[in-house]
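Given next are the chains, with one letter for each unit.
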Amino acid sequence: MAHKVALTGIKPTGTPHVGNYLGAILPGLELAERADCKAYYFVADYHALTGAQDRERLIHETYEVAATWLAFGLDPEKVVFYRQSDVPEIFELAWILACFTPKGFMNKAHAYKAATDRNRDAGEPEDAGVGMGLYTYPVLMAADILIVDADLVPVGKDQVQHVEIARDIAQRINHHYGADALRLPGHSLRAQTAIVPGLDGRKMSKSYGNTLPCFLPTKKLRKTVMRIKTDSTPPEEPKNPDDSVVFGIHRALLDADAEKALAAEYRSGISWGGAKQLLFEELERHLAEPRARYEELMANKPLLDEILESGASKAREVSVPVLARVRDAIGIARR
Ligand code: TRP
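Going along each chain's sequence as written, the residues are numbered from 1 onward. The model is predicted, so local features are restricted to residues of pLDDT at least 70 and side-chain atom pairs to those at 80 or more, both for listing and for counting; the totals for chains, interfaces and linings are taken over all residues. Hydrogens and water are ignored here; the side-chain numbers use all heavy atoms of the structure.

**Digging into the overall build of the protein chain**
- Helix numbers and strand numbers start at the N terminus; a helix is a DSSP run of H or I with at least 4 residues, a strand a run of E with at least 2. For the protein chain, the helix and strand inventory stands at 14 helices and five strands.
- Here the protein chain has a C-alpha radius of gyration of 22 Å; the compact-globule value for 335 residues is 20 Å, and the two agree.
- Across its three principal directions, the C-alpha atoms of the protein chain cover 85 × 50 × 35 Å.
- For every residue, the accessible area obtained with a 1.4 Å probe (protein chains only) is divided by the maximum for its type, and the residue is called buried under 20%, exposed over 50%, and partly exposed between those limits. Counting over 335 residues, the protein chain shows a buried share of 47%.
- In the protein chain, of all internal contacts separated by at least 6 residues, the share reaching a separation of at least 24 is 77%.
- Just so you have it, the protein chain exposes about 16900 Å², and 52% of that area is on carbon and sulfur atoms.
- For the charge count, each Lys or Arg is scored as positive and each Asp or Glu as negative, with His and the chain ends excluded. Think of each charge as sitting on NZ of Lys, CZ of Arg, CG of Asp or CD of Glu. Positive and negative side-chain charges of the protein chain, numbering 42 and 46 respectively, have mean locations separated by a distance of 3 Å. Both definitions apply: the radius of gyration is a C-alpha atom measure, and the globule rule equals 2.2 Å times residues to the power 0.38. Here, residues are in contact when the closest pair of their heavy atoms is within 4.5 Å. Using a 1.4 Å probe, accessible areas were evaluated by the Shrake-Rupley method; residue-level cover was limited to the displayed protein chains.

This is the structure in structure tokens:
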């Protein structure tokens, strides 16, 4: 059966949290289960190098993110799951793409613009602290996508522009050489999952330091849940679920009926302590088994390496011929 190639990269930065699980991991795993899709998911370790320049952390966080996806059920027999750094064709293609990328594209890319905006607000020179890695990051991302002939790139809104840049560069090369050297990818927006609030009520995000990590030990998980901000409504009084961070996190784990039933309990006056206990129990139901698998995997790095290396061999069955095709098209060829 003809299948579509779906590809996504996962940056290993920071310990995976419940917001990642609900917003990216669950939808990613669902997509990978679709019979008409062949999924290529990779740990974008070289992307992390633009910012994470601490050796031990990079090693640790790369394993963490790989173990997390596997613990939540990614099946490496079905999904081609690899480390970016194990597929050298990506980096050779990145150079070729760079030679066809107008510099102006990079000036307009979000990550770079965010950095220059921050600098301007702080009264610093525009490019302060901006390395070429951050600046040309969309070119590397384009190579990730194009090297496996991806059709479909499931991403959050913030990454749509980068997929469009990949498509645009591919089109330029195809047009310039009058050849179908590169397959044109499209993006698919990840289903809009509810934004999961963090412990302080803002969006759960590593940069706010308000996350609920996926794999805290049970006791610590309970303690962290008990710390979630609540107002001072007395125990027996009705609570407005829509105003509550505890409810905001809890609902993201429930189907529509269970969410309604929970909202009714809030309105009939559950205590905050009781509401938090319910949330803790729901989290345990979702996380206890994956946590045990996660801990096993993190205690067995050689197994993680083996899984990722075997994924890289499968990725290279595609990346080697794609690179050969591109080299031939552009004249890096022998007669
Ligand atoms: N840039 C993505 C992010 O920050 C990660 C990523 C790297 C990616 N390469 C990719 C996503 C290729 C999709 C396709 O989240």
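What follows picks up the thread again.
**Remarks on the environment of C99**
- Position of C99 relative to the elements: it lies in the loop between helix 4 (89-98) and helix 5 (103-108).
- What makes C99 partly exposed here is its relative accessible area of 49%.
- On a C-alpha basis, the gap between C99 and V43 in space is 25 Å, while along the polypeptide they are 56 residues apart.

**What about the environment of G178?**
- Considering the arrangement of structural elements, one finds G178 in the loop between helix 9 (160-177) and strand 5 (186-189).
- Sequence separation between G178 and W272 is 94 residues; the distance between their C-alpha atoms is 65 Å.

**Concerning the side chain of H17**
- With respect to the helices, strands and loops of the structure, H17 is situated in the loop between strand 1 (4-10) and helix 1 (18-33).
- Those residues in contact with H17, other than ones at most four positions away along the chain, are M204, S205, K206, T211, L212, P213 and C214.

**Points about the nonpolar core**
- The biggest cluster of nonpolar side chains holds 57 residues, and the ones touching the most others in it are Y41, W69, F81 and L283.
- Ranked by residue count, the leading element in this core is helix 13 (residues 272-298), at nine residues.
- Residue ranges assigned to each domain were obtained from an automatic or database domain assignment. Residues from two domains meet in this core; each of domain 1 (4-195 + 301-330) and domain 2 (215-295) gives at least three.
- For F81, the residues in contact, after removing those within four places along its chain, are I10, Y41, V43, A66, W69, L70, L74, I307, L308, G311 and A312.
- To define a nonpolar core, start from buried Ala, Val, Leu, Ile, Met, Phe, Trp, Tyr and Cys residues and group those joined through side-chain atoms within 4.5 Å. Core analysis: the next-biggest nonpolar cluster, separate from the first, contains 45 residues, F105, V153, A166 and V326 among them.

**Some thoughts on the packing of helix 3 (residues 55-71) against helix 14 (residues 301-330)**
- Running from amino to carboxyl end, helix 3 crosses helix 14 at an angle of 75 degrees, the nearest separation of the two axes being 11 Å. It follows that helix 3 is roughly perpendicular to helix 14 by the angle criterion. Together, Y63, A66, A67 and L70 of helix 3 and K301, L304, D305, I307 and L308 of helix 14 make up the contact between the two elements. Axis geometry follows a simple rule: fit a line to the C-alpha atoms, using only the stretch in contact for helices, then measure angles between N-to-C directions, giving values from 0 to 180 degrees. Each angle is binned into one of four classes, with values under 35 degrees roughly parallel, values over 145 roughly antiparallel, values of 65 to 115 roughly perpendicular, and all other values oblique.

**Side note on the packing of aromatic side chains**
- Think of it this way: a Phe, Tyr or Trp ring, Trp meaning its six-membered ring, pairs with another when their centres are within 6.5 Å, and the plane angle makes it stacked under 30 degrees, edge-to-face over 60, tilted otherwise. Here the structure, examined in full by the defined rule, presents 10 aromatic pairs.
- Each residue in the set Y21, F72, F215 and Y294 is aromatic and connected to the rest through ring pairs, giving one cluster.
- The side chain of R202 reaches across the aromatic face of Y208, ending 4.2 Å from its centre.
- Any Lys NZ or Arg CZ that is within 6 Å of a ring centre and within 35 degrees of that ring's normal is treated as a charge sitting over the ring. For K239, the ring lying beneath its charged end belongs to W272, and the centroid distance is 5.7 Å.

**A look at the pairing of strand 3 (residues 80-83)**
- Every second residue of strand 3 is oriented toward a common face, with V80 and Y82 on one face and F81 and R83 on the other, all of them buried.
- Where strand 2 (residues 37-43) lies against strand 3, four bridges are found, and the strand directions are parallel. Residue pairing for strand 3: V43 is matched across the bridge by R83. In this description, strands pair whenever DSSP reports at least two bridges between them.

**What about the pairing of strand 4 (residues 152-155)?**
- Taking every second residue as pointing to the same face, both faces of strand 4 are buried, with L152 and P154 on one and V153 and V155 on the other.
- Note that strand 4 and strand 5 share four bridges and pair parallel. By the bridge assignment for strand 5, V155 is matched with L189.
- In this fold, strand 4 hands off to helix 9, which returns the chain to strand 5; that crossover is right-handed. Seen with its strands pointing away from the viewer, a crossover is right-handed if its path from the first strand over the helix to the second goes clockwise.

**Concerning the site of the ligand**
- Note on terminology: near, applied to a residue and a molecule or strand, indicates that one of the residue's heavy atoms is within 4 Å of it. Inspection of the region around the ligand gives 13 residues, with G9, Y137, M141, D144 and Q159 positioned closest.
- Think of a polar contact as two N or O atoms within 3.5 Å of one another; within protein, one of them needs to be a possible hydrogen donor and the other a possible acceptor, and neighboring residues in sequence only count if both atoms come from side chains. Within the side chain of H47, one N or O atom sits 3.4 Å away from a nitrogen atom of the ligand.
- Taking Y137, its side chain carries an N or O atom lying 2.3 Å from a nitrogen atom of the ligand.
- For the ligand, the accessible surface in isolation is 370 Å², of which the surrounding protein chains cover 87%.
- Secondary structure elements with two or more residues in the shell around the ligand: strand 1, helix 8 (137-146) and strand 4.

**With respect to the pattern of salt bridges**
- Every case where a carboxyl oxygen of Asp or Glu lies within 4 Å of a side-chain nitrogen of Lys or Arg is listed as a salt bridge. One pass over the structure, following the stated rule, counts 17 salt bridges.
- Of the charged contacts in the structure, one is a salt bridge between K78 and E33, with a shortest N-O distance of 3.8 Å. Separated by 45 residues along the polypeptide, K78 in the loop between helix 3 and strand 3 and E33 in helix 1 bring together distant segments of the chain.
- On the basis of relative accessibility, which here comes to 45%, the residue K78 falls in the partly exposed class.
- Ionic pairing is found between D36 and R34, a salt bridge with its closest N-O pair at 3.1 Å.
- Residues joined in a network through salt bridges with shared partners are R83, D86 and D305.

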